[in-house]
Amino acid sequence: MQFIDTHTHIYLEDFKEDFSEIISKAKEENVKKFFLPNIDAKTIKDVRALYESDPKTYYPMAGLHPCSVKEDWQEQLDQLRSELDTGDYIAVGEIGMDLYWEKKFKPEQEKAFLEQASWAKEKGLPIVIHVRNAFDELFELVDQINDDKLYGIFHCFTGTNEQAKKILNYGGFKLGIGGVVTFKNAKLDKALTDIPLENIVLETDAPYLAPHPNRGKRNEPSYIPLIAQKMAEIHDVSIEEVARITTQNAKEVFGIDE
Ligand SMILES: [Zn+2]
């Protein structure tokens, strides 16, 4: 059995103290690969350092998170773009729209998303989308640019069944499912009952959103099986089956062949 944590921020300060312990725990739980989305220009160094330490374990993405789109967004994009041009990156991420904290930079968030999505198309890479309180706005943007070159992941999907189907209808996207699926009040399990596992990849989004029974604590990659177990229950299959299908999905989307 092998899992991939397709969205994890283990390069952050939160993991500095016990990093090697965190990784051995994850490997004991069969989580063998870690995909690392950048957040902004400041995180480039740590993401890259981890990737260079073991390129077959840590896979980097380059992108400007919508919450980091501020006055200097264009400069940040320039830095992320030159990083991406090194050719070491498996995806453009994380990018998207977030109107939960503030709406002030909505026009800039839109421009940053569209520009980064066009990089992905140009380079033949997937995009990893973060969306919070902005589904309709983001769908409008994807509607504008969707074609057979646009593909990727809607990360940390927590929407409705209707929204899940709308995303899958685009043709090139899968849903990144994390700890929220284990939250009793989130009802995400109900939204996913008729969504085949072929459309799902697993992620922790560590250090955020730890699954039940660790809700509220620091999240870490070794919790992936808790999410997989819940998906197994929803679809009435074994956890081994969930591991097999979601790992294969992740490898396909991100173009990993080992
Ligand atoms: Zn993230």
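Every value quoted in this text rests on a predicted model; they were computed, and no experiment measured them.

Novice: How should the coordination of the zinc ion be read in this particular structure?
Specialist: Reference geometry at the metal: tetrahedral coordination by four donors gives ideal angles of 109.5 degrees; octahedral coordination by six donors gives 90 or 180 degrees. Here the zinc ion is held by the protein donor atoms H7 (NE2), H9 (NE2), E94 (OE) and D205 (OD), which lie 2.1 to 2.7 Å from it. Counting gaps between the donor residues of the zinc ion yields the pattern H-x1-H-x84-E-x110-D. Placement of the pair is H9 in the loop between β1 (3-5) and α1 (19-28) and E94 in strand β4 (residues 92-98), with a sequence separation of 85 residues. Note on H9: relative accessible area 2%, which makes it buried.

Novice: Whenever I open this one, the nonpolar core confuses me. Can you help?
Specialist: Generally speaking, nonpolar side chains in soluble globular proteins are found buried as a group. If you look at the biggest cluster of nonpolar residues, it comprises 76 residues, and the most contacted ones within it are F154, L175 and M231. If sequence neighbours within four positions are ignored, M231 has contacts with I177, V181, L192, L197, I200, L202 and V242. Counting 13 residues, the second largest nonpolar core, distinct from the first, contains I4, A91, I153 and F254.

Novice: Where do I start with the UniProt feature "binding site: a divalent metal cation 1" (unreviewed entry) in the protein chain in this structure?
Specialist: Taking the numbering used here, the UniProt-annotated feature "binding site: a divalent metal cation 1" (unreviewed entry) corresponds to H7, H9, E94 and D205. Spanning 199 residues, the named residues form one tight spatial group whose C-alpha atoms are at most 11.1 Å apart. Contacts of H9, omitting those with residues within four sequence positions, involve F15, P37, I39, E94, D205, A206, P207 and Y208. When its relative accessible area of 9% is taken as the criterion, D205 is described as buried. What D205 contacts, discounting residues up to four positions off in sequence, is D5, H7, H9, H155 and N219.

Novice: What should I look at first to understand the pairing of strand β7 (residues 173-177) in this one?
Specialist: With five of five residues buried, β7 lies mostly within the body of the structure. Neither face of β7 is open: one carries F173, L175 and I177, the other K174 and G176, and all of them are buried. Two elements, strand β6 (residues 152-154) and β7, share three bridges in a ladder whose sense is parallel. Following the sheet pairing, F154 is matched in β7 by L175. Note that β7 and strand β8 (residues 200-202) share three bridges and pair parallel. Opposite I177, over in β8, you have L202 as the bridge partner.

Novice: For this particular structure, what's the right way to read the UniProt feature "binding site: a divalent metal cation 2" (unreviewed entry) in the protein chain?
Specialist: Listed under "binding site: a divalent metal cation 2" (unreviewed entry) in the UniProt record, and renumbered for this structure, are H130 and H155. Sequence-wise these annotated residues cover 26 residues; spatially they are packed, their C-alpha atoms never more than 5.7 Å apart. For H130, a relative accessible area of 13% gives the class buried. With residues up to four places along the chain from it excluded, the contact list for H130 reads H65, P66, E94, I95, G96, M97, D98 and H155. A polar atom in the side chain of H130 sits 3.4 Å from the side chain of E94. You can see H155 is positioned in the loop between β6 and α6 (161-169).

Reading the values: rules and limits
Residues numbered from 1 in each chain as written. Predicted model: local features only at pLDDT ≥ 70, side-chain atom pairs only at ≥ 80, totals over all residues. Heavy atoms only, no water. Donors = N, O, S within 2.8 Å, 3.2 Å for Na, K, Ca; no water. Helix = DSSP H or I, 4+ residues; strand = E, 2+ residues; numbered from the N terminus. Buried < 20%, exposed > 50% of the residue type's maximum accessible area, 1.4 Å probe, protein only. Core = buried A, V, L, I, M, F, W, Y, C linked by side-chain atoms within 4.5 Å. Contact = heavy atoms within 4.5 Å. UniProt positions renumbered as here; feature names shortened; annotations may be inferred. Pairing = 2+ DSSP bridges. Polar contact = N/O pair within 3.5 Å; in protein donor to acceptor, adjacent residues only side chain to side chain.

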